[in-house]
Amino acid sequence: GPDATRITTANTTGFYTVDFTGTNQVTMRNLTVEIPAAQPNGGGGGIAMRGDVIENVDIESRNPGAVGISAQGGGAFRDGRILAVPGGNFSYGANTLAGESGLFTITGSLIRNASKAVYSEFPEVPIAIRDSFLFPTGNGLFSAVGSKMTVDNSVIEAGSNAAIRVVNGPDRCVAAG
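Residues numbered from 1 in each chain as written. Predicted model: local features only at pLDDT ≥ 70, side-chain atom pairs only at ≥ 80, totals over all residues. Heavy atoms only, no water.

Another aspect to go through is the overall build of the protein. When you go through the protein residue by residue, the secondary structure sums to zero helices and 17 strands. Viewed in the frame of its principal axes, the protein has a C-alpha envelope of about 40 × 35 × 30 Å. Relative to its full complement of 177 residues, the protein shows a buried share of 49%. Of the roughly 7,400 Å² of accessible surface on the protein, a fraction of 49% belongs to carbon and sulfur atoms. Within the protein, the 15 negative side-chain charges are centred at a point lying 2 Å from the centre of the 12 positive side-chain charges. (Helix = DSSP H or I, 4+ residues; strand = E, 2+ residues; numbered from the N terminus. Buried < 20%, exposed > 50% of the residue type's maximum accessible area, 1.4 Å probe, protein only. Areas by Shrake-Rupley, 256 points an atom, 1.4 Å probe, with all protein chains shown as cover. Lys, Arg positive; Asp, Glu negative; His and termini not counted. Charge placed at Lys NZ, Arg CZ, Asp CG, Glu CD.)

Further remarks concern the environment of Ala-94. Looking at the element boundaries, Ala-94 is found in strand β7 (residues 90-97). Residue Ala-94 is classed as buried on the basis of its relative accessible area, which comes to 1%. A sequence separation of 23 residues divides Ala-94 from Ala-71, and the C-alpha atoms of the two residues are 7.8 Å apart.

Note on placement: Leu-110 falls in strand β9 (residues 110-112). Classification of Leu-110 by relative accessible area gives buried; the value is 16%. Among all residues touching Leu-110, those that are not within four sequence positions of it are Gly-80, Arg-81, Ile-82, Leu-83, Phe-133 and Phe-135. (Contact = heavy atoms within 4.5 Å.)

Here we come to the pairing of strand β8 (residues 104-107). Because side chains alternate across β8, one face comprises the buried residues Phe-104 and Ile-106, and the other comprises Thr-105 and Thr-107, none of which is buried. For strand β5 (residues 66-78) and β8, the ladder comprises four bridges, and the chain directions are parallel. By the bridge assignment for β8, Arg-78 is matched with Thr-107. (Pairing = 2+ DSSP bridges.)

Here the protein averages 91 in pLDDT, and 94% of its residues register 70 or above. Across the protein, the element-wise mean pLDDT spans from 60 in strand β17 (residues 172-176) up to 98 in β8. (pLDDT = per-residue confidence, 0-100.)

Another point: the nonpolar core. Among soluble globular proteins, nonpolar side chains are generally buried collectively. Within the largest apolar cluster, 33 residues are counted, with the highest numbers of intra-cluster contacts made by Met-28, Ile-47, Ile-54, Ile-59, Ile-69, Phe-104 and Val-118. Setting aside residues up to four positions removed in sequence, Met-28 forms contacts with Ile-7, Val-18, Phe-20, Val-33, Ile-47, Val-53, Ile-54, Glu-55 and Val-57. (Core = buried A, V, L, I, M, F, W, Y, C linked by side-chain atoms within 4.5 Å.)

Right, let's talk about the packing of aromatic side chains for a bit. Within this structure, the stated rule accounts for three aromatic pairs. Ring-pair connections join several aromatic residues into one group, and the members of that group are Tyr-92, Tyr-119 and Phe-142. (Phe/Tyr/Trp six-rings, centres within 6.5 Å; stacked < 30°, edge-to-face > 60°.)

Below, the discussion takes up the pattern of salt bridges. Inspection of the entire model under this criterion finds nine salt bridges. For Arg-78, the salt bridge identified is with Glu-55, shortest N-O distance 2.8 Å. Placement of Arg-78 in strand β5 and of Glu-55 in strand β4 (residues 45-61) is noted, with a sequence separation of 23 residues between them. Taking the relative accessible area as the measure of exposure, Arg-78 reaches 32% and is therefore partly exposed. With its nearest N and O atoms 3.8 Å apart, the salt bridge here joins Glu-60 to Arg-62. Take Glu-60: its relative accessible area is 13%, and that puts it in the buried class. With relative accessibility at 29%, the residue Arg-62 sits in the partly exposed group. A network of salt bridges, in which partner residues are shared, links Arg-6, Glu-34, Glu-60 and Arg-62. (Salt bridge = Lys/Arg side-chain N within 4 Å of Asp/Glu carboxyl O.)

This is how it looks when you write it as structure tokens:
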């Protein structure tokens, strides 16, 4: 499981610890991805993916302002946790990247200690969240510039801002019980 295997990086220039954006259809499971404190504050990230499947993976930030997981062209984050450890937090727990279209799903997961738990500004990558727990320090969901999100059977306990915020465009954010 995630406690047995850990991936980190010695890179100090702000890259992702794991970057799958140049590959197709990778499945990664049962490990922990660490964003080290040595990354520039606000510059490091856990996983960048393009249509991949990430299962039972913990993403830990020891860096302030990191990004947990970024999805380009869709993909799935299942049964994982995005958590900060002492000294770290997230600007975004999960977000989308421009370039390719595809559904990004977050299922059975926990996102904690992110300024925005889930953020999207790219309509070509809609987000579906199901059976998950979001405990951000700010917004739970932040949808901008026409992006689309669907939330089913999930808990959002927002911090200092709105649980769901939609701005700038013909956005669609649907929450269902």
